[in-house]
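As a plain string of letters, each chain reads:
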Amino acid sequence: MTSSSFPRNPFLSGPILSPLVRFALPLMLSLLLQALYGGVDLAVVGRFSPTASVSAVATGSQVMQTATVIITGLTMGVTVLVGKYMGAEDPSAAGNVVAGQIRLFSVVALVLTVTMVAFAPQLAMVMNVPPEAVPETVRYLRICAGGMVFITAYNAISGIFRGVGNSRSPFLFVLIACIVNVVLDLVLVGGLNMAASGAALATVIAQALSVLFSVAYIHCNPLPFLVTRESFRSTRSVWQILRIGSPIALQDFLVSVSFLIITSIVNALGLVASASIGIAEKLFIFLSIVPTAFMSALSAFVAQNMGANQPQRAVRSLWIAQGLSFVFGVGMFLLTFLAGGFLASLFSSDAAVIAATDEYLKGCSFEYLMIPLTFCFLGYFNGREHTTFVMLQGLFASFFVRIPLSYFLSRLPQTGMFLISLAVPISGMVSLLLCFFFFLYLQRKEKQL
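Notes on the structure in this doc start here. (Residues numbered from 1 in each chain as written. Predicted model: local features only at pLDDT ≥ 70, side-chain atom pairs only at ≥ 80, totals over all residues. Heavy atoms only, no water.)

Let us look at the overall build of the protein. Counting its secondary structure elements, the protein contains 18 helices and 0 strands. Relative to its length of 449 residues, the protein is compact, with a C-alpha radius of gyration of 21 Å against a globular reference of 22 Å. The C-alpha extent of the protein, read off along each of the three principal axes, is 60 × 45 × 35 Å. By the burial criterion, 59% of the 449 residues in the protein qualify as buried. The contacts of the protein with a sequence gap of at least 6 include a subset with a gap of at least 24, amounting to 86%. (Helix = DSSP H or I, 4+ residues; strand = E, 2+ residues; numbered from the N terminus. Rg over C-alpha atoms; globule rule 2.2 N^0.38 Å. Buried < 20%, exposed > 50% of the residue type's maximum accessible area, 1.4 Å probe, protein only. Contact = heavy atoms within 4.5 Å.)

Written as structure tokens, this is what we have:
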């Protein structure tokens, strides 16, 4: 992987809006295509298979997402470190980070695979999966867990490219995977009636092909720094990745666990409720693409500018990202509040499931006015390596607000999906306030230096 010098970097000088948007747009498209993985699985299964299969894919994909966020959280450590060394023009250190990532992620992939395969039945039990959906949920989990090595490899490679400032290549990798996944879903689920198992198998094959293509791409288009044998001899980079990435991985994992707990609470209300919350959570992935993309973009953009000792440019990028993201947030609020039933109908033809999902989305809709601001704050904090705060605020909002409130609301007499959903915007407001006050603290602290 050749070249020991960095090219001219638009992140560090000139206008902010243009390079930030150019970087964020491929991230948005990548996130859209990644969302289509599970979305297409759920939609195809919903059209060709019974409600029990929909419940299996909805719950199983959430469990897999919980495992995947460990990888994506650690990947953020790689993105921030590579971005930092890009800004500081230190190619040797950037190469060491990549070597450390390979060593660390190999172990993580193995542990996750063994754990998910071995404990799939127990996971289904903990999730309160309706009895008629348990066998398919277990099969779905085991097949997807077999492809964990490909999930790990894709995220590892994408994290490196984002740190360098290249978001287009990861988009290309996931585009290939998405096309393959859609085709295989239609063949295995629609044509061969393999239901949830077919959806899982399609996902694994698509991910494997994506990784093979990305490795070939790197071979033809080397990274702008060296990764040598000497890079693998030091363990310092492994600990650097863990220092920055572990808080994010832990936060994302536990927040995802909190979603599983809430899903388990709702699953106890029956098969229709189980399918509807699964659809609502799947829709959230689609509807939050813009703020999620800006969060990732800011992590790299801010990291490079902090590495180049340009903190005020990093702050300006935060305001620009929040403004753009909020405009889209208003649109997502209106869509979920006014057209929740239509959105649900894209994933299920069951009238009861559509009605329940519509009810749940109305209460959740107010969250879309807050996450554009919150996610951009989190991207800014990640880029400044304040990942411990990112972890703490996420855990507090989830485990001290959202879960207790969801449980309390689910136990009220004549409770419904709308009432339970109100826990979502309330916890979202808590996260936003915590981020705002922490940002003020950082600004006040810097003025005192």
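Here the focus is the packing of aromatic side chains. Tallying each qualifying case throughout the model produces 21 aromatic pairs. Note on Tyr380 and Phe381: the rings are 5.8 Å apart at their centroids and 65° apart in plane angle, and the pair reads as edge-to-face. Note on accessibility: Tyr380 and Phe381 belong to one class, buried. Positioned above the aromatic ring of Phe337, the side-chain terminus of Lys362 is 5.8 Å from the ring centre. (Phe/Tyr/Trp six-rings, centres within 6.5 Å; stacked < 30°, edge-to-face > 60°. Lys NZ or Arg CZ within 6 Å of the ring centre and 35° of its normal.)

Following the sequence through the fold, Ala52 ends up in helix α2 (residues 51-87). Residue Ala52 is classed as buried on the basis of its relative accessible area, which comes to 14%. For the pair Ala52 and Thr137, spaced 85 residues apart in the sequence, the C-alpha separation amounts to 9.2 Å. Contacts of Ala52, omitting those with residues within four sequence positions, involve Glu132, Ala133, Glu136 and Leu271.

This next bit is on the pattern of salt bridges. Once their charged atoms are close, side chains differing in charge can pair, the charge on each being opposite to the other. In the structure shown here, the tally under the stated rule is 4 salt bridges. A salt bridge links Glu385 to Lys84; its shortest N-O distance comes to 3.4 Å. Here Glu385, found in the loop between α15 (371-383) and α16 (387-410), pairs with Lys84, found in helix α2; they are 301 residues apart in sequence, far enough to count as distant. Taking relative accessible area as the criterion, Glu385 reaches 22% and is therefore assigned partly exposed. Its relative accessible area of 29% is what places Lys84 among the partly exposed residues. (Salt bridge = Lys/Arg side-chain N within 4 Å of Asp/Glu carboxyl O.)

A word on the nonpolar core. In terms of nonpolar packing, the biggest core is built from 132 residues, with Phe225, Phe294, Tyr360, Tyr380 and Phe381 touching the most fellow members. A per-element tally of this core places α2 first, with 18 residues. Setting aside residues no more than four positions away along its own chain, Tyr360 makes contact with Ile277, Ala280, Glu281, Arg402, Met417, Phe418, Ile420, Ser421 and Val424. Counting residues in hydrophobic clusters, the runner-up holds 6 residues, among them Ala177, Leu184, Ala202 and Ala206. (Core = buried A, V, L, I, M, F, W, Y, C linked by side-chain atoms within 4.5 Å.)

Now for the environment of Ile241. Mapped onto the elements, Ile241 comes out in helix α9 (residues 236-267). Judged by its relative accessible area of 0%, Ile241 falls in the buried class. Note: C-alpha distance between Ile241 and Leu81 (160 residues apart in sequence) is 7.5 Å. Contacts of Ile241, omitting those with residues within four sequence positions, involve Leu74, Gly77, Val78, Leu81, Val97, Gly100, Gln101, Leu104 and Ser246.

So, about helix α10 (residues 271-287). The end-to-end C-alpha separation of α10 is 24 Å, in line with the 24 Å expected for 17 residues at 1.5 Å each. Of all the 17 residues making up α10, 14 are buried; the element is thus mostly covered by neighbouring parts of the structure. (Expected span 1.5 Å × (residues − 1).)

Two quantities define a packed helix pair, namely the angle between the helix axes and the distance between the axes. Interhelical geometry of α2 versus helix α6 (residues 148-164) gives an angle of 25° and a closest axis separation of 8 Å. Between α2 and α6, the interaxial angle falls into the category roughly parallel. You can see that α2 and α6 cross each other, and the crossing is right-handed. In contact with Met64, Ala67, Thr68, Ile71, Thr72, Thr75, Val78, Thr79, Val82, Gly83 and Met86 of α2, α6 contributes Met148, Ile151, Thr152, Asn155, Ala156, Gly159, Ile160, Arg162, Gly163 and Val164. Residue composition of the contact of α2 with α6, by class: 11 nonpolar, 9 polar and 1 charged. (Axes fitted to C-alpha atoms, helices over the stretch in contact; angles between N-to-C directions. Parallel < 35°, antiparallel > 145°, perpendicular 65-115°, else oblique. Left-handed = near helix turned anticlockwise from the far one by under 90°. Nonpolar A, V, L, I, M, F, W, Y, C, P; charged D, E, K, R; others polar.)

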